[in-house]
Structure formats: structure tokens, C-alpha cells
Amino acid sequence: MPGLKELRENLRLSDTAERGQYLRLFLTSFAALYVEIMLIRWVGTEFRLFAYFQNLTLIACFLGFGYGCFRATKQPVRLFDYVALCAIVILIEIPWRGWAGILEVMGAGLSLSPDVSIWHDVAGQVSWAGFVVSAMFVTGILLLLIATMIPLGSWVGRYLENAPNTVAAYSVNLLGSLAGIWFFAGMSFLGLAPVYWFGLAFAVALLMQPVWNKAGIVAVIAMAACLTVLVLERLPAGKTVWSPYQKLEVISQGNEDYDILVNNTGYMTIANLSVKESAKNPELAHRYRMESSYETPYLFLDHLDEVLIVGSGAGNDVAAALRHRAGSIDAVEIDPAIYNLGRTLHPERPYDSPNVHATIDDARDFMHRTSHRYDLILFGLLDSHTQYSSLSSMRIDNYVYTQEAFAEAKRLLKPDGILVLKFEVRPPFEWLGQRFYGELNKVFGRAPLVYYNPQVYALLPATIFVTSKSDGLWKKAQDRELAEFLTEHLPRFPLNPASSAPLTTDDWPYIYQRGRTIPRVYLAVSLILLTLAILLVRKKFQFRRTSSWHFFLLGAGFLLLETQLVSRLALFFGSTWIVNCIALTFILLVLVASNYFVMNINVKHLAPYYGVLVLCLIGIYLTPWGQLPFSSRIVGVLLGTAYSLPLFFAGIIFTESFRRARGGSECLGANILGAVAGGLAQNLSFIFGLKALLLIAAVSYGLAGVSSLFAESYSHRSTVTA
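First things first, this report covers the structure right here in the doc. What you see is a predicted model; the values in this text were computed from it and never measured.

## A word on the overall build of the protein
Per the secondary structure count, the protein includes 27 helices and 11 strands. Taking all 722 residues of the protein together, the buried fraction comes to 61%. The contacts of the protein with a sequence gap of at least 6 include a subset with a gap of at least 24, amounting to 78%. Here the protein displays about 27,900 Å² of accessible surface, and carbon together with sulfur accounts for 62% of that area.

Here is the structure:
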């Protein structure tokens, strides 16, 4: 078929034939973003260090892509490095269940302290020998990620450099990136497993393969090995489900009890406390009622007409509320796959009750929007060792455990309503309990009641914090039986309102960070990345050229601006996958609008654009968005509109600068390397807070403006001399 043959010829990687050039650029840009997001999601799932260091995979991919742009003069033979990608999969996904524990030790070994090991005690982690081994292993993974992305950067750089219209080509690049984002989001929404993610990447690569030679044969072998290892999936002990956020593994314990692992780590259980089961074992049923963290909070309640459960999970908390005859229950769970597991597997079928109104949403967003008032607001055992966004510095529940979140919950309580916070406070992280104690004391103006419940069979242990706007709670706690209960279930840490750890806020939401310092593991990984970056670009990056530093600073400022927008919009619209995708789409469309502006308006001087950009960033920083007298959605729209201005001017500056540089791949490479620096600079938010990143971005753009003036001055002098 001539048409099909012609189409395949147009799709094959080439920079000589003009026909199909924009189509190839679109597909290559699609592949670059798709592979990048795929690696971010998958590596963070299977190697937990990469989930703690939220942008680690992103930065490594940026570094590889940028280095590939520097190598655009050397034509690669494939779309991406199949061998490197296959090696990553084999190194991380060895089909042996004990390998997950070894990866855990590797991550903890980088910190030389327990600051990365929150949910597991890793013995012997304070060891220089362990640090060296861990550093070598992590460096190897990073090098493989970089190698995978280098050909993609080379091809995009070549297409942009050889395009007859640089601005139009850059617009095609953005649209291809946008398609890559949404295609992967769609696959995640459908719950497809990684074997399908990688399968699509390989299909695109084969479709665009330039020639079938020895490299093609090696590619097919590597693809087959990679997909085989992914199918084995480390020999799971139960059913594996992939949600838009994480990997869930459901393991039956018999008797309709289940363990649910998230990203290979114990996360939650489904417990059978049905009337039929309780009748079989009345002694165990009595222990549940008197000792379980799911039952004891109801000792403090006299009536239960309206209940809100945030982090309702697989339904244990909902089932407990129904057993205590709750009138109406709003159950909020962010992960639809976890909700579906609870709906189909929980033996009491709590989500099927007409009294239960389930909402798939971010807890903070629901509290923003609801107008109900509740007798009980219960914070379930939310856990943020997973992450919702590959391009954000936030994890799932960070915005849930801030002072502003507790103030929001206080607003939703009835005058005599009670707030219950459950959290597993385990040694040596007692300061987490002190932090919650101090936050609730500050928000409610009175120290909360605190007690501890051990694990009872399938129900997990927890420290329980109970507080209220009414004095009635503390009067009730003076009753003999409740007073004895509290005395017998003392918390495992000293109760001191003056917390030794700083209290979390929406600007500093790092619940697992003890102080305003950068964790050692972050410093170690940042040092590794910086070393790799310097070694890779020392001969490619023109350190003496002002234009190189100009594009470097533009890249650093833009990544800081981009991640700020994603994380701040999540505060007003929810930390859900769809919000994240919409935010990234918004960013890319604003950049396309910037390109359209440059194509139709003659931009003579960039200095005014730099000035407006910096002023916009300072204005966003100074505006108290959380205090505006509007609904959260309206504030979110206003904030997004405000961010669109600096994004628009940043896009104009980059596109016009890129056009004047004639689309040089070196400039694109310098820009990507600057984005790497911007990603590492996000660590400063651990010290100064999230909003401070806006000021760092403003400084970066200000310095870029100064370097641009120097470059223009040098160019003018050169022209005069000539």
C-alpha cells in the first residue's frame, strides 16, 4: 500500500526530509514527555527513595534530555536508549520479593540517619560503607535514566534547530508534550499496568525506527526482556491494582480479612467485624470495642447525626461509624481504586449503605467546598509515603495536616462537635505526636485529649487526638470510666504544647520534616546529581558565553514557577491527578499563546517583559490568597489567572530569545540544565517555605534579564566592529 508506506517513511526518524518534519517533531515530543512521566511514576512506585525525593527522576530525565540537546549534531540511531531502559527495569524489578527490602536499605543508606526511614526501621543504616554502596547504586540508576533520555533530547534539538520556522516548531514541540501528558494520564485513569505503559513507548519507538540493523535487533531483545520482567511483577502475593496514584496489592488473609500494600509497603487492612463474625468470637469482638482505634473515639460522643470521614480508605472507619448508628456519613477518599476495593471486598459493605455519601476527592478540597456542619470530623490514618504528582513538591496528605486545614475542620464542626485525628506515632518519631498536639492546641485554644490504641488483630494501632470547640468534651472526659480509660491508654510521648518541631502550615506543609533543614538524603542525592551534571556538560556547556547562562537562568526560573503553580493550585482545587494534568495543560497552552504572540508581534526589546515578569512574581508572593473573601474555587481561578501573566511573559522571553539564537540546540540544552538547577533549588523550601521559591524564581529571571542586556550589548559592539 503506497499510502501506508509513505506514512511510515514520514514517521521514521530523519532530519533530512522536509515532508513530515513537524509530524516527527510532534511524535518525538510526545515520546519525550510520555517516557519522562512514565519513568517518574514507575520508578517512584518501585523504589521509594525516588518517591521521597519528589523530583529526582524528573531532574535526571531533564539532565539527560538537556545533554541530548547538546549532542544534537550527532545523529542518534534510535528514539531512546532501549538497553538503558531495560537495565533500569531489571535492576529495580528483580522478580524476588526480598528485593524490595534491599531497595529500602539502599534508600535509607544515603541519609546516614533515620530521616528517610519513617515507616520502617532499617538496621545498621548509619554506616559509611552503606552510604557508599547506596550512592553507587543510586548513581547507576540515575545514569541509566539520563542515558534513556539522551536520544530524545538529541532528536528534539535537531528538529528545532533545522526547522524553517523556529517558533512554529517550538509550538509543535509543546503540543506534542501536551499530548504525551494526557495520553499517559488516560492510561493511568484506566488502571493499566506498567507493562502497557512501556509497551506503548516501545511501539512508538519501533514505528519511528530509522533502519533495521544490529541496533534494531538489540532493541527488540531489550524490549522483550523489559516487558517480561514487568509481567512477572516481582511475583506478587495477591491481586495487583494500579490506581491513578499508586500501586495497590491486595492480599487475602482468609475470613474476608485483607492486607493492602501500597507501592510494596503495608498501608491498610480490611477487617471483618460483621455481626455474624463477632458472634463467632465474642472475646475478640469485646477487644475490638474497648481497644481498637476504630471504635474508642465514639466513647466521647453523645449523638452522631452528621459525620465526616476524610481518608475513608477501604471502609473500616465508615463501617465503625455505621455500627455506632451514625445518621449521615460523608466519606472522602482521594483514590478511586482504594474506594472500589472497599466497596467490593469489605465484608460489611459500608459504602453500600444509604447513609453513606462517598466522594472521590482530595480531603482539603472537600472541606473547602462543603457547607455541612458535623457532629464528628474524623481524620483517618492517611499516609503520605506516596505522592500524587511527579512535578509537585507535595505529597497526598501534606495539606491535610496543616494549621489551616485544622482551622477549616473547626469551622465545619457543630458547636458541640468533636474532631478526631488518628495517626500512627512510632519511635523515634515522637515529635510527630508533639507537633499534632501543638497544632490542635493552637487552633482550638485548648490542649486536646490524647491516648493510644494498640493493634487489635487486623485493625492498625494509632495515637488518637480528640478536641472540640465546646467545653463539654473535657467535662465528659472527667467521668470515671472515661478518665480511667485515658489513664490506661497514655500516649507514647510527652504532652507538651510547645512542640519541639515547628508547626506545619500551607506554606511549610512538610509533616515528616522535623525542622527547617534540608534532609541529609536530599543533600546526598543533590550532590550526586550536581556531580553528574558537571561531568556531563563540562565540555558542552559554554561557561564563558553569556547566552548560555541566560538560557540556564531562564530554565531555572521556569521550573520553579511551574512547580509553584502546580502545588499552589492543588491547595485550592485539590491534590488530585486530574487537577495536576489540567495545571500542566494550562502551562503548556499559555506557552503556546506566548509563541503566537511572538509570531505576530514584533518584540524589539525584552527588558520591559523581564520587568513585568519579576513584578508579577513579587505581587503573587505578597498577595494573601488564603485570606481573600471568596470561595476556594474562585480564589483558585484568580490565582491561576495571576500565574498566567508571569508564565506568558516567561514564554515570550524564552521564545524570542530562542528565535534570536536561531534555535540553537546548545541554548535548549542550557535551558534544560537550568531546569535541573531549579529542581534542586526547590530543596530550599524546606528552610524558607514554598512561597519563597517565587522570590528565588524572580531573582533567577532578574539575573537572566541582566545577562540578556549584556548579550545584546556584546552583539551590538560586534556588529559595529564588523
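## Describing the packing of aromatic side chains
Per the stated rule, a full pass over the model turns up 39 aromatic pairs. Plain terms: the ring middles of Tyr170 and Phe658 are 6.4 Å apart, the flat faces sit at 55 degrees to each other, and that makes the pair tilted. Taken together, the residues span a long stretch of sequence, with Tyr170 in helix H8 (residues 166-189) and Phe658 in helix H24 (residues 632-660) at a distance of 488 residues. The same class applies to Tyr170 as to Phe658, namely buried. Here Phe379 and Phe406 contribute two aromatic rings whose centre-to-centre distance is 5.6 Å and whose plane-to-plane angle is 65 degrees, an arrangement assigned as edge-to-face. Remark: Phe406 occurs in helix H16 (residues 403-412) and Phe379 occurs in strand E8 (residues 374-379); sequence separation between them is 27 residues. You can call Phe379 buried: its relative accessible area is 0%. Taking the relative accessible area as the measure of exposure, Phe406 reaches 0% and is therefore buried. Members of the aromatic cluster, each reached through a chain of ring pairs, are Phe379, Tyr401, Phe406, Phe423, Phe436, Phe465, Phe493 and Tyr512. The aromatic ring of Phe444 is capped on one face by Lys410, whose charged end is 5.6 Å from the ring centroid. Geometry around Tyr294 places Lys422 over its ring, the cationic atom sitting 3.5 Å from the centre.

## Digging into the side chain of Ser526
Along the chain, Ser526 turns up in helix H20 (residues 520-537). Taking the relative accessible area as the measure of exposure, Ser526 reaches 9% and is therefore buried. In this view, Ser526 contacts Phe53, Leu680 and Asn683; residues no more than four positions away in its chain are not counted.

## Here we look at the side chain of Thr467
Tracing the sequence through the fold places Thr467 in strand E11 (residues 462-468). Using a relative accessible area of 0% as the deciding quantity, one classes Thr467 as buried. Apart from residues lying up to four places away in sequence, Thr467 is in contact with Gly417, Ile418, Leu419, Leu440, Phe444, Arg446, Pro448, Leu473 and Trp474.

## Considerations on the pattern of salt bridges
Inspection of the entire model under this criterion finds 16 salt bridges. Glu46 serves as the salt-bridge partner of Lys247, at 3.2 Å between the closest nitrogen and oxygen. With Lys247 in strand E2 (residues 247-254) and Glu46 in helix H2 (residues 21-46), this pair connects stretches of sequence that are 201 residues apart. Residue classification places Lys247 among the buried residues on the basis of a relative accessible area of 3%.

## Let's talk about the sheet that holds strand E6 (residues 328-333)
The strand order across the open sheet formed by seven strands is E7-E6-E5-E8-E9-E11-E10, and the pairing between neighbours is mixed. Each edge of the sheet is formed by a strand with only one pairing partner; in this case those strands are strand E7 (356-360) and strand E10 (449-453). The sheet shows a mean angle of 15 degrees between the axes of neighbouring strands, taken without regard to direction. Taken together, the five bridges between E6 and E7 define a ladder with parallel strand orientation. Considered in E7, the bridge of Glu333 is made with Ile360. Sheet strands touched by H16: strand E5 (306-310), E8 and strand E9 (413-423). Its angle to E9, the strand with the most contacts, is close to 140 degrees.

## Notes on the packing of H8 against helix H9 (residues 194-207)
The N-to-C vectors of H8 and H9 enclose an angle of 150 degrees; their axes lie 10 Å apart at closest approach. Considering the angle they form, H8 stands roughly antiparallel to H9. Crossing of H8 over H9 shows right-handed handedness. When H8 is examined against H9, the residues Phe183, Phe184 and Met187 are found in contact with a partner set consisting of Tyr196, Trp197 and Leu200. Tallied by class, the residues present in the contact of H8 with H9 amount to six nonpolar, no polar and no charged.

Rules used in this analysis
- Residues numbered from 1 in each chain as written.
- Predicted model: local features only at pLDDT ≥ 70, side-chain atom pairs only at ≥ 80, totals over all residues.
- Heavy atoms only, no water.
- Helix = DSSP H or I, 4+ residues; strand = E, 2+ residues; numbered from the N terminus.
- Buried < 20%, exposed > 50% of the residue type's maximum accessible area, 1.4 Å probe, protein only.
- Contact = heavy atoms within 4.5 Å.
- Areas by Shrake-Rupley, 256 points an atom, 1.4 Å probe, with all protein chains shown as cover.
- Phe/Tyr/Trp six-rings, centres within 6.5 Å; stacked < 30°, edge-to-face > 60°.
- Lys NZ or Arg CZ within 6 Å of the ring centre and 35° of its normal.
- Salt bridge = Lys/Arg side-chain N within 4 Å of Asp/Glu carboxyl O.
- Pairing = 2+ DSSP bridges.
- Axes fitted to C-alpha atoms, helices over the stretch in contact; angles between N-to-C directions.
- Parallel < 35°, antiparallel > 145°, perpendicular 65-115°, else oblique.
- Left-handed = near helix turned anticlockwise from the far one by under 90°.
- Nonpolar A, V, L, I, M, F, W, Y, C, P; charged D, E, K, R; others polar.

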